[in-house]
Amino acid sequence: MDEIIKKISVVISAYSMDRIDDIVDLLNSLKNQTCNDFEVVFVVDGTKELMEKMKPYIEKVGLKNIKIVCAGENKGLSNARNLGIKNSSGDIIAFIDDDAIADEKWIEETIKAFERHPDAWGITGYGEGLWLGVKPEELPEILWWIVGDASYMFDKDDEIEVRNPHGYSMTFKKWVFEKVGLFSLDFGKKGNLWLIGEDSEIGIRIYKNGGKIIYAPSIKIKHKIYPYRVELKNIIKRAFYEGYSKAYIEKIHGKILSKEDKYLKKIFFEFYPRAFLKLFKSPLMALKQMIVVALVVLFVGIGYLYGKLFGKL
């Protein structure tokens, strides 16, 4: 299905006034795009009262083509994205997190990526952390993904085929959702319940249907990393839900975690030997990093085991 892209719909969702400053930053980054032939579908994942509170801030940005949709109550990220899809008119639908800032060429580079890969069903891009506090030295690069900085995980130069799109910046041809279905309501964050993995799960359905997702590093966003994200309790909670979501995905789709297995090997056969050598130069820092990585691996394992034994939370 090779087709000419005529219009892009950008779907954003938000569920709290606590993120209103982030939302305004994101909308301003969309207003400053080099390509302006797109619509924004802003989904308020909450009540009409919340929508009315958000409206003045959204309208003040001055985006010309924006549609505000209300979910009626907080039903979670997947439901909000599905509502955005249903209210979109574009040939392709892009998703970006409400705490991200799009590079000025985000949309332009997305279109170019689809032109380079006309057989691609989806495109995902490069996400770099915008650290709003000090990067804690006890959190090594190999764990940055857990706080929202995936720059370590992907090459900055090569376009490659990937199984998992990144939820903070991913785009699909609209007909893909007709073929494989919408985002699963079994996944996706809902308030303080971190049922993550909705992006990975739909990526697996695309893969199983013979589709292709391309990672294009030219499509760039910055993802805000607030100090609370790097607190140990937050990291442990995130690790638990990561393991849980992997187990639940396996229950649905079977054993398909080769990428995760490779990552574990990298931890044990690359990170730990290097960290051990660092013990002689910076013993305290190296020891802290080794402990944090061990805790993450432990709680991913606990979450995975919980998911295997008890299923959906």
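It should be noted that the structure appears before, not after, this text.
Along every chain, residues carry numbers that run from 1 in the direction the sequence is written. Per-residue local features of the predicted model are confined to residues with pLDDT of at least 70, and side-chain atom pairs are confined, for both listing and counting, to 80 or more; whole-chain, interface and lining totals are unaffected and use all residues. The side-chain values count all of the structure's non-hydrogen atoms but skip hydrogen atoms and water molecules.

The next point concerns the overall build of the protein chain. Numbering of helices and strands runs from the N terminus; a helix is a DSSP stretch of H or I covering at least four residues, while a strand is a stretch of E covering at least two. Along its length, the protein chain carries 9 helices and 9 strands. Computed over C-alpha atoms, the radius of gyration of the protein chain comes to 19 Å, within 12% of the 20 Å expected from 2.2 N^0.38 for 313 residues, which places it in the range of a compact globule. Considering the protein chain as a whole, with its 313 residues, one finds that 53% of them fall into the buried category. Contacts in the protein chain between residues far apart in sequence, at least 24 positions, make up 81% of those at least 6 positions apart. Per-residue accessibility takes into account occlusion by the displayed protein chains alone, with areas from the Shrake-Rupley method and a 1.4 Å probe. Carbon and sulfur atoms make up 55% of the accessible area of the protein chain, which totals about 14900 Å². Distance between charge centroids for the protein chain: 3 Å, based on 47 positive and 44 negative side chains. The globule rule used here is 2.2 Å times the number of residues to the 0.38 power, and the radius of gyration it is set against is calculated over C-alpha atoms. Here the term buried applies to any residue with accessible area under 20% of the maximum for its type, exposed to any over 50%, and partly exposed to those in between, with areas from a 1.4 Å probe on protein chains only. Pairs of residues are marked as contacts when any of their non-hydrogen atoms sit within 4.5 Å. Neither His nor the chain ends contribute to the count of charged residues, in which Lys and Arg are positive and Asp and Glu negative. Just so you know, the charge point we use is NZ for Lys, CZ for Arg, CG for Asp and CD for Glu.

The next point concerns the pairing of strand β6 (residues 122–131). Strand residues, when the strand is regular, have side chains that alternate between the two faces of the sheet. Burial runs high along β6: 8 of the 10 residues are buried. Sheet topology places β6 next to strand β9 (residues 213–225); 10 bridges connect them, and they run parallel. The residue of β9 that forms the bridge with E128 is K222. One bridge is not enough; two strands pair if DSSP finds at least two bridges between them.

We call Phe, Tyr and Trp rings a pair once their centres come within 6.5 Å, taking the six-membered ring for Trp, and we label the pair stacked below 30 degrees between planes, edge-to-face above 60, and tilted otherwise. If you walk through the whole model with that rule in mind, you get 17 aromatic pairs. Taking 6.2 Å as the distance between ring centres and 80 degrees as the angle between the ring planes, the aromatic pair formed by F95 and F177 counts as edge-to-face. In this pair, F95 sits in strand β4 (residues 92–96) while F177 sits in helix α5 (residues 175–180), placing the two residues 82 residues apart along the sequence. Taking 6.1 Å as the distance between ring centres and 85 degrees as the angle between the ring planes, the aromatic pair formed by W145 and Y263 counts as edge-to-face.

A few words now on the pattern of salt bridges. Any carboxyl oxygen of Asp or Glu within 4 Å of a side-chain nitrogen of Lys or Arg constitutes a salt bridge here. Inspection of every chain in the model, using the stated rule, returns 18 salt bridges. In this structure, D22 engages R19 in a salt bridge whose closest nitrogen and oxygen atoms are separated by 3.5 Å. With its nearest N and O atoms 2.7 Å apart, the salt bridge here joins E242 to R238. Pair noted here: E242 and R238 are both in helix α7 (residues 232–253), with a separation of 4 residues, about one helical turn. The burial state of E242 is the same as that of R238; both residues are buried.

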